[in-house]
Each structure stands twice: as structure tokens, then as C-alpha cells.
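Structural features, examined
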Amino acid sequence: MRETDLPCSDCGAPLVERVVFTADLPVETDGRSSARIAQCPTCGARYYPRQTVSQLAGRSSAARRRRSD
């Protein structure tokens, strides 16, 4: 089962898969890559698949290390 198979927990509408730039997400990253999310076209709520969360966690750590150097 994927996140897009579930309805939006805010409004119940079907979710769609989107690819967004990491710079547009609420975590600090290098901003030069993209990530997959599940988004509600009705209310705009965003859901982050486990793979995306893992991807962002690794990039966020790398961005913090570069900034502190």
C-alpha cells in the first residue's frame, strides 16, 4: 500500500503523487533535488512517504554538516 492509496486525513479526498523540489519542503536541505510526496488536491495537505522522510533526513544532516564546516 502506498500513501496515495489512502484518503486525505484532513478532508477525505483522494491523494495524488507529486514530485516537488526539496527547497519547497519544511526541512533544511541542499534544495537542489526533488522528492515524492502525496498531496491532497482539495485542501493542499501533504503527506511524506517513508522513503521520502529517509531521503530528507539524510540530506538535512548533510546540509547541517556543510554549514558548520
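No experiment lies behind these values; they were computed from the predicted model shown.

The rules behind each value
- Residues numbered from 1 in each chain as written.
- Predicted model: local features only at pLDDT ≥ 70, side-chain atom pairs only at ≥ 80, totals over all residues.
- Heavy atoms only, no water.
- Core = buried A, V, L, I, M, F, W, Y, C linked by side-chain atoms within 4.5 Å.
- Buried < 20%, exposed > 50% of the residue type's maximum accessible area, 1.4 Å probe, protein only.
- Contact = heavy atoms within 4.5 Å.
- Disulfide = S-S within 2.5 Å.
- pLDDT = per-residue confidence, 0-100.
- Helix = DSSP H or I, 4+ residues; strand = E, 2+ residues; numbered from the N terminus.
- Salt bridge = Lys/Arg side-chain N within 4 Å of Asp/Glu carboxyl O.

**Observations regarding the nonpolar core**
- Cys8, Ala13, Leu15, Ala38, Cys40 and Ala45 together form the largest nonpolar core, which totals six residues.
- Not counting the four nearest positions on each side in its chain, Ala45 is found in contact with Cys8, Asp10, Ala38, Gln39 and Cys40.
- Of all hydrophobic cores here, the second largest spans five residues; its members include Leu25, Ala35, Ile37 and Leu56.

**Comments concerning the state of the cysteines**
- Taken as a whole, this structure holds zero disulfides when the rule is applied.
- The closest cysteine sulfur to the non-disulfide-bonded Cys11 is located on Cys40, 3.5 Å from its own sulfur.

**Side note on the confidence of the model for the chain**
- Confidence in the prediction of the chain, expressed as mean pLDDT, is 81, and 80% of residues score 70 or more.
- For the chain, per-element mean pLDDT is lowest for helix H1 (residues 50–68), which scores 66, and highest for strand S3 (residues 46–47), which scores 93.
- Segment residues 63–67: pLDDT under 50, and five contacts once partners within four positions in sequence are set aside and those in other chains are kept.

**Considerations on the pattern of salt bridges**
- Considering all chains together, one arrives at one salt bridge under this definition.
- The salt bridge partner of Arg36 is Glu17, with a shortest N-O separation of 2.9 Å. Residue Arg36 is located in strand S2 (residues 34–39), and its partner Glu17 is located in strand S1 (residues 16–21); the two are separated by 19 residues in the primary sequence.
- Given the relative accessible area of 37%, Glu17 is considered partly exposed.

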